[in-house]
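# Structural features, examined
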Amino acid sequence: MTTSDRRSSRLDPQAAHLERGAPAIARDFQANLYTRMAKFEAIATRNDHYLALAYTVRDRMLQRWIHSAHTYFEKSSRTVAYLSAEFLIGPQLGKNLLYLGLEADTRTAMQQLGIDLDALIEHEEEPGLGNGGLGRLAACYMDSLATLCIPAIGYGIRYEFGIFDQYIRDGWQYEVTDKWLRLGNPWEIVRHEIEYTVQLGGHTEASHDADGRYRVRWRPERVVQGIAHDTLFLGHGVHNANMLRLWQASASQALDLQAFNEGDYARAVQEKVSSENLTKVLYPNDHSEAGKRLRLEQQYLFVSCSLQDMIRIHLQRATDLRDFHTKYAIQLNDTHPALAVVELLRLLLDEHGFEWDEAWAITTRSFGYTNHTLLPEALETWSMPLFRSVLPRHLELVFEINRRFLDQVRLRFPGDDGRVERMSLVDEHGDKRVRMANLACVGSHAINGVAALHSRLLEASVLRDFHALWPSKFSNKTNGVTPRRFVALSNPVLSNLITEAVGDGWLHDMGKLRGLEALRHDRAFMERWHEAKQASKQSLARYLKARHGEDVSADSMFDVQVKRIHEYKRQHLNVLGVIARYRRLKSGREAPKVARTVIFAGKAAPGYTMAKLMIKLIHSVAEVVNHDPDTRDALRVVFVPDFNVKTAQHIYPAANLSQQISLAGMEASGTGNMKFMMNGALTLGTLDGANVEIREEAGEENFFLFGLNESEVTARRRAGQAPRRIYEANPELRDVLDLLSSGVFSRGDRELFAPLVHHLFEHDTYMLLADFAAYMEAQGRVDAAFADRARWSEMSILNVARSGKFSSDRAIREYCDDIWHAGPVPAQLHIPDGPV
Ligand code: NBG
């Protein structure tokens, strides 16, 4: 964006809103309480207040959306369509107030009415429409797209039940259905008239049309409808607003009248029920076989509706679809939406009369594919019989795409049957499966990984053959996170201090944070920096006490690991470290230099037994350590239940230390690591994912590195590991594991953690034992650094000063320049007949 674009799109507070000011907000709030909630003050609940305020805010957002949509329409600009099965957008009220610049006025208005604004913000239940980093990344990208004035639509699924709520009893995780819609969702706009029909099952019929052209008709067994539900995404500091459009399934007919008339009431509503099941629930990322068909149908519903929607919008401005790819850049967020490749081809061929070559050219020019994992078990494939029974026409198209594609491979690499087999869209082994990553690669003009190391490993391993065929399709796009939500909104104290020091431009140009470097030795500033962190720690301590009855001291180091629970992320390595520290303290060999509060949070996939045992382990160790009078002042362990965007916002600002300790080569990128860095935490980490780049940016002296690197991991794996030998050679490790096996942490039960210990002895897939000594050594360096307050503050300041690369604005600019070829279209303020 040029400077003048940016300036002209800057917000003019007089013009951009409905009336601002506390009196207008109070008036509209009361009107909404009456007209939308049908309540009066004496009987209104907190939820009524929350909803009435949310509507008051939403009304003030709509104008920006209408301005933006109008501008995009007039300019006929290229739109980014971000297709993602997950969007973890977090709570909306606080964010939208911040972006509208209405927080102070709203606070005053609520105060005058005797209502606590913070309680309303805390009351909001977030839409948990994702599992973890992948879904949150999509939300950060929506934020940056709007802030950079890029016309964009996020397309996804409106799950009625999002990720489960985690609840802990006796140290074990229990899953509770997430009923996020129970009390209403004021942020969404239901577009009853934007509805598409989606076909499922049945068979195909081939024929020749009047011109003698080969045509195929799909005779589906069922049809369902997808209805659009829109949520607005404001840009920060600009007028632009984009939308997230989520699809909800509904039956094409509410009632089977024939069945009804025959008296079969159950059958009469059956179709409605089974259609609506399609978008009922978000699938947790575990390995369960259950619900495969439903999952495939979900993915298809969402991509089909999204493409039909894009085509409809396109045809409002154009007469045909020949330049569809010049008007849309469609990004596949992992392979969950990869069916879109085949669906667009099908729509062009079967519904819009295109010939293959042109349809295929439009398709491949439209799509880009982002890969988010190297884990083989996470690469999606669908069994052929299932695929055929849900999408018979698409399977034919997959075969045809594959036939043409493999001809190309054979021409390039004659006689290389192994390569042909590996690259095929169909895995011919066993029950035959359709490989979605291969489909995404073949159907896209651009393929990227999400951190430099990950992209390099993709090119060298999982997608090696595709890289050999099309090296120029590949690039890296290191992830980023939005500093608006994760610093300005979550950490106002630090945010204000930064603004005081370097001005407010950093929220859009994180390079400006470099200005902090000059202050790193300024005593007064360092002291204020320290105080800002203390304030966030105290606030987390209060939250933990109020919510969970936990006593933690803000004077201890807050040492944090929060993310999904998974063996590759190695929360259990952290626990082994805690046990070692506990032993050292107990033995009195080591005077505690620094008191620590080790904080964990994260959900385990419901079917992932080992991850659930890891949660139990954390609680079991906490129970002993926190109650031991010899150690409880020096070491605490806390597990914060139900990690989500909302809880995360309490935690990141308060962290001193960020543990990013996955085995090198396993974590594609990580984004939590970036949020910690921006909040002034120092990283203790391996050379994995984006840690590598965090260390490069921060400077190696401001990062606590340990552990094997990726090539050492590979070499070890090749040579065959001998974990038991490591155990025998390291007395501290031996004591730690023996203690764990002894039942000390499990009320005498020696069996409880046996599966975990056994796995470490026999396989240790994620090389905890190999990395243990290095981990302990690095923890020693952390203690020494923290004991020197001035040094720690300096390192913390430098981490924030150098975190600019990890803004999602930088990432989105790279996608725009290299993949989407989309530019800013600042929303214009005035539309002919709209209010101003
Ligand atoms: C996750 C990776 C993370 C990465 C996010 C966002 C999946 C499949 N992948 O390392 O594990 O930060 O994607 O790119 O959820």
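Read on for an overview of the structure. (Residues numbered from 1 in each chain as written. Predicted model: local features only at pLDDT ≥ 70, side-chain atom pairs only at ≥ 80, totals over all residues. Heavy atoms only, no water.)

## A short note on the sheet that holds strand β9 (residues 241–251)
Strand pairing in a sheet takes place through backbone hydrogen bonds and is either antiparallel or parallel in direction. Going by this rule: Only strands that DSSP links by at least two bridges are regarded as paired with each other. The helix and strand labels rest on DSSP assignments: H or I over at least four residues marks a helix, E over at least two residues marks a strand, and numbering proceeds from the N terminus. Helix axes are fitted only over the stretch in contact, all axes being lines through C-alpha atoms; the angle between N-to-C directions runs from 0 to 180 degrees. Contacts: residue pairs with any heavy atoms within 4.5 Å of one another.
The strand order β5-β8-β9-β2-β1-β10-β11-β15-β16 describes an open sheet built from 9 strands, whose pairing is mixed. In this open sheet, the two strands that pair with only one neighbour each are β5 (188–200) and β16 (474–476). Each strand of the sheet is rotated relative to its neighbour by a mean of 25°, with strand direction disregarded. Direction of pairing for strand β1 (residues 79–83) relative to strand β2 (residues 152–157): parallel, over a ladder of 4 bridges. By the bridge assignment, A81 is partnered in β2 with I153. Against the sheet, helix α7 (residues 133–147) contacts β1, β2, β8 (222–234), β9 and β10 (328–333), and its axis sits at roughly 55° relative to β8.

## Considerations on the sheet that holds strand β12 (residues 381–383)
With respect to topology, 3 strands assemble into an open sheet ordered β12-β14-β13, the strand pairing being antiparallel. Pairing within the sheet leaves two strands with one partner each, and these edge strands are β12 and β13 (426–427). The sheet contact formed by β13 and strand β14 (residues 433–435) spans 2 bridges and is antiparallel. Counterpart to D427 in the pairing with β14 is R433.

## Focus: the packing of helix α24 (residues 609–627) against helix α31 (residues 754–762)
Just so we agree on the cut-off: For classification purposes, an angle smaller than 35 degrees is called roughly parallel, one larger than 145 roughly antiparallel, one from 65 to 115 roughly perpendicular, and anything else oblique. Left-handed describes a crossing in which the near helix is turned anticlockwise from the far one by less than a right angle; the clockwise case is right-handed. Classification used: nonpolar for Ala, Val, Leu, Ile, Met, Phe, Trp, Tyr, Cys and Pro, charged for Asp, Glu, Lys and Arg, polar for all others including Gly.
Remark: α24 packs on α31, axes separated minimally by 10 Å, with the N-to-C direction vectors making an angle of 115°. In terms of orientation, α24 lies roughly perpendicular with respect to α31. Taken as a pair, α24 and α31 cross one another with a handedness that is left-handed. For the pair α24 and α31, the contacting residues are M610, L613, M614 and L617 in the first and P755, L756 and H759 in the second. Classifying every residue of the contact of α24 with α31 by side-chain character gives 6 nonpolar, 1 polar and no charged.

## Notes on a nonpolar patch on the surface
Filter applied, for reference: For patches, a residue must show more than 30% relative accessible area and have no salt bridge; joins then use 9 Å for like charges and 5 Å for nonpolar side chains, namely Val, Leu, Ile, Met, Phe, Trp and Tyr. The protein chains shown are the only cover counted for residues, whose accessible areas, like all others here, come from Shrake-Rupley with a 1.4 Å probe. One speaks of a salt bridge when a side-chain nitrogen belonging to Lys or Arg is within 4 Å of a carboxyl oxygen belonging to Asp or Glu.
Taken together, the side chains of Y167, Y174 and V176 make up a nonpolar region of the molecular surface, amounting to roughly 260 Å² of accessible area. Positionally, V176 belongs in strand β4 (residues 172–176).

## Re the nonpolar core
To be explicit about the condition: Nonpolar cores are built from buried Ala, Val, Leu, Ile, Met, Phe, Trp, Tyr and Cys residues. Side-chain atoms within 4.5 Å join them into one set. Remark: exposure states derive from per-residue accessible area (1.4 Å probe, protein chains only) relative to the maximum for the residue type, with buried under 20%, exposed over 50%, and partly exposed in between.
Counting 145 residues, the largest nonpolar core has L83 and W820 as the members making the most contacts within it. Broken down by element, the residue count for this core peaks at 10 residues, all from helix α10 (residues 292–317). The residues touching L83, leaving out its near neighbours within four places in the chain, are Y155, F302, V303, M310, I330, Q331, L332, N333, P337 and A340. Among the nonpolar cores identified, the runner-up in size contains 71 residues, and I579, L682, A785 and F786 belong to it.

## Here we look at the site of the ligand
What counts, and what does not: Nearness of a residue to a molecule or strand requires only that one of the residue's heavy atoms be within 4 Å of it. The definition of a polar contact used here is a pair of N or O atoms within 3.5 Å, where within protein one atom must be able to donate a hydrogen and the other to accept one, and adjacent residues in sequence count solely through side-chain atom pairs.
In the neighbourhood of the ligand, 13 residues make up the surrounding shell, with H372, N479, E667, S669 and G670 lying closest. Interatomic distance of 2.6 Å between a side-chain N/O atom of H372 and an oxygen atom of the ligand. Within the backbone of A668, an N or O atom sits 3.4 Å from an oxygen atom of the ligand. Out of a free accessible area of 370 Å², the ligand has 84% covered by protein chains. When its residues are assigned to classes, the shell around the ligand shows 5 nonpolar, 6 polar and 2 charged.

## Section: the packing of α10 against helix α12 (residues 339–351)
Two elements in contact, α10 and α12, have axes whose closest approach is 9 Å; the angle formed by their N-to-C orientations is 45°. The pairing of α10 with α12 is recorded here as oblique in orientation. Both α10 and α12 take part in a crossing whose hand is right-handed. Residue-level contacts link L296, Q299, Y300, V303, S304, L307, Q308 and I311 of α10 to L339, A340, E343, L344, R346 and L347 of α12. Here the residues of the contact of α10 with α12 sort into 9 nonpolar, 3 polar and 2 charged.

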